[in-house]
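# Fold and geometry: a report
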Amino acid sequence: MFFKKILFLQIAIVYLLGSSIEPIPQTVDYNYEKALLGKKLFFDPILSKDSSISCATCHDLNNGGDDGLKFSVGIDGQEGDINAPTVLNSFFNFRQFWDGRAHNLEEQALGPIENPIEMGHDFATLVEKLKTTTYNKDFKKIYIDGITKENLADAIAEFEKTLITPNSAFDRFLRGDETAITSFEKEGYELFRSKGCISCHNGVNIGGNLYSKFGMIVDIDSKHLGKYNITKNEWDKYYFKVPSLRNISLTAPYFHDGRYDNLKDAVKTMSLVQLGRPITEKEIEKIVAFLKTLNGELIIIK
Ligand code: HEC
Ligand code: HEC
């Protein structure tokens, strides 16, 4: 009941203030030298214990920024139990990971390297290994203290800042180009607003700026506990960072456990469990059409 009231208030506020989706800026500030080094690291399997897996293995930049799998596969063929989110536009998220345990991209980058089922490395060994390669020179050129755990994370995070996808059809529409999206897609956007999706999925990333319960109005099964992992507060159970909907049609399967392989099921579930409202097949089609206008342009630095 309490949550229902909060959500109702959230939707009412959004309605009063009007739309709150903002276009992705054309550029963000970043340090080119660091980003280029970060790019090299991002694609380099040397970061994993057996030199078999790079960040790009699970975050394919040409495929929406994830791996298209329900669960990613790390070193020695080990499968995880949570769906890989996209790295595209992750710079705009207020926290990183589904449960938000990393405060920023620097903190996040250290996670997979030491995760035993992802890259399985320890930093002392990795730093020594990198010192025997051309990375030694590369780092010294940029960082006075050369290769350290912090500098490694700093360079990778700098590259990730460049992974933004501006100029989606919808952003062009927001900037005033009325013809950038069709009337069917526009109706989808109207439904996205009027039904209240936008109360959680808003801002530049159309998500990524708040936590919400998975199953806000109607309970839904979830093995993962979300933010509770960090706080151990009962009321944080099943609260996840609201995911970005940018490029969403490229990043199936959906939800933190990859339970659906198509957007229609994801939209239908959202309407039922987050908003407690039935939704027609036609409405779902319109919203999905709108979601497909959110694919932007990615320019990978050279
Ligand atoms: C074995 C697959 C795998 C590898 C390798 C991997 N990731 Fe991930 N990545 C994931 C999964 C799975 C998650 C979600 C984990 C969670 O939320 O608990 C994730 C989450 C992220 C996020 C958070 C995005 C968000 O919206 O919360 C970023 C950013 C990211 N990874 C970047 C990287 C970088 C940089 C590297 C290399 C240093 C890397 N990943 C290596 C699978 C992988
Ligand atoms: C009360 C907040 C809230 C509302 C309202 C809401 N969502 Fe979500 N949405 C979430 C959360 C939280 C998740 C992540 C769920 C999970 O996987 O644990 C999510 C996930 C999604 C996903 C899957 C994203 C991915 O990367 O897997 C889609 C698609 C989506 N929402 C679309 C919608 C649409 C369309 C509506 C309106 C019908 C809507 N949402 C309403 C909070 C909300």
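Residues numbered from 1 in each chain as written. Chains lettered and ligands numbered in written order. Predicted model: local features only at pLDDT ≥ 70, side-chain atom pairs only at ≥ 80, totals over all residues. Heavy atoms only, no water.

## With respect to the coordination of the iron atom of ligand 1
Our working rule: The donor set covers N, O and S atoms within 2.8 Å of the metal, switching to 3.2 Å for Na, K and Ca, and it leaves out water, so a site may look short of donors. In this text, helices come from DSSP runs of H or I with a minimum length of four residues, and strands from runs of E with a minimum of two, each type numbered from the N-terminal end.
Protein coordination of the iron atom of ligand 1 is limited to a single donor, His59 (NE2), positioned at 2.1 Å. Here histidine 59 is to be found in the loop between helix H3 (55–58) and helix H4 (105–114).

## What about the domain arrangement of the chain?
Operational definition: Throughout, the edges of the domains are those of an automatic or database domain assignment. By definition in these notes, contact holds between two residues if any of their heavy atoms fall within 4.5 Å. The term salt bridge refers to a side-chain nitrogen of Lys or Arg lying within 4 Å of a carboxyl oxygen of Asp or Glu.
When the domains of the chain are assigned, the result is domain 1 (2–25 + 165–294) and domain 2 (32–161). On a C-alpha basis, the centres of domain 1 and domain 2 stand 28 Å from each other. Between domain 1 and domain 2, the contact holds 28 residues from the first and 23 residues from the second. Seen at the junction of domain 1 and domain 2, the total is 1 salt bridge.

## Details of the packing of helix H11 (residues 263–274) against helix H12 (residues 281–291)
Axis angle and axis distance: for two packed helices, these are the angle between their axes and the distance between the axes, and together they describe the pair. Operational definition: Helix axes are fitted to C-alpha atoms over the stretch in contact, other axes to C-alpha atoms as well, and angles between N-to-C directions run from 0 to 180 degrees. Working rule for angles: under 35 degrees goes down as roughly parallel, over 145 as roughly antiparallel, 65 to 115 as roughly perpendicular, anything else as oblique. Each helix crossing is assigned a hand: it is left-handed if the near helix lies turned anticlockwise from the far helix by less than a right angle, otherwise right-handed if that turn is clockwise. Side-chain classes are defined by residue name, with Ala, Val, Leu, Ile, Met, Phe, Trp, Tyr, Cys and Pro counting as nonpolar, Asp, Glu, Lys and Arg as charged, and the others, Gly among them, as polar.
Where H11 contacts H12, the two axes come as close as 9 Å, and the packing angle between them is 115 degrees. Taken together, the axes of H11 and H12 lie roughly perpendicular to each other. H12 is crossed by H11, and the crossing has right-handed handedness. Here H11 contributes Leu263, Lys264, Val267 and Lys268 to the contact with H12, which in turn contributes Glu281, Ile284, Glu285, Ile287, Val288 and Leu291. The residue inventory of the contact of H11 with H12, partitioned by class, reads 6 nonpolar, no polar and 4 charged.

## Observations concerning the site of ligand 1
Heads up, the condition is: Proximity is defined per residue: any heavy atom of the residue falling within 4 Å of a molecule or strand makes that residue near it. Each polar contact in these results corresponds to two N or O atoms within 3.5 Å; when the atoms are within protein, one needs to be able to donate a hydrogen and the other to accept it, and residues that are neighboring in sequence are counted only if both atoms are side-chain atoms.
Around ligand 1 there are 31 residues in total, and Cys55, Cys58, His59, Phe97 and Lys241 lie nearest to it. In the environment of ligand 1, an oxygen atom lies 3.1 Å from a nitrogen or oxygen atom belonging to the side chain of asparagine 93. One nitrogen or oxygen atom from the side chain of lysine 241 is found 2.5 Å from an oxygen atom belonging to ligand 1. Counting residues per element, the ones that place at least two in the shell around ligand 1 are H3, H4 and helix H7 (149–161). By residue number, the principal contributor to the shell around ligand 1 is H4, which donates 5 residues. Of the residues belonging to the shell around ligand 1, the class tally is 17 nonpolar, 10 polar and 4 charged.

## A closer look at the side chain of lysine 286
We count it as follows: To sort residues, take the accessible area from a 1.4 Å probe on protein chains only and compare it with the maximum for the residue type: under 20% means buried, over 50% means exposed, and anything in between is partly exposed.
On the secondary structure map, lysine 286 appears in helix H12. Owing to a relative accessible area of 17%, lysine 286 belongs among the buried residues under this scheme. Other than its neighbours up to four places away in sequence, lysine 286 contacts Phe184, Glu187, Gly188 and Leu191.

## Remarks on the side chain of aspartate 257
As for its placement among the helices and strands, aspartate 257 is situated in the loop between strand E2 (239–241) and H11. A polar contact of 2.8 Å, which involves the side chain of aspartate 257, links it to the side chain of arginine 259. Each residue touching aspartate 257, except ones within four places of it in the same chain, is listed here: Lys70, Phe71 and Asn83.

## With respect to the UniProt feature "binding site: heme c 2" (unreviewed entry) in the chain
Just so we agree on the cut-off: UniProt positions are given in the numbering used here, feature names are shortened, and annotations may be inferred rather than shown by experiment.
Within this numbering scheme, the UniProt entry marks Cys197, Cys200, His201 and Met270 as carrying the feature "binding site: heme c 2" (unreviewed entry). Judged by maximum C-alpha separation, these annotated positions cover 74 residues in sequence but sit close together in space, the widest gap being only 11.3 Å. In this structure, cysteine 200 sits in the loop between helix H9 (183–194) and strand E1 (211–213). Under the relative-accessibility criterion, histidine 201 is labelled buried at 9%. Every residue in contact with histidine 201, bar those within four places of it in the chain, is listed here: Ile21, Phe192, Ile206, Gly207, Val242, Pro243, Leu245 and Met270.

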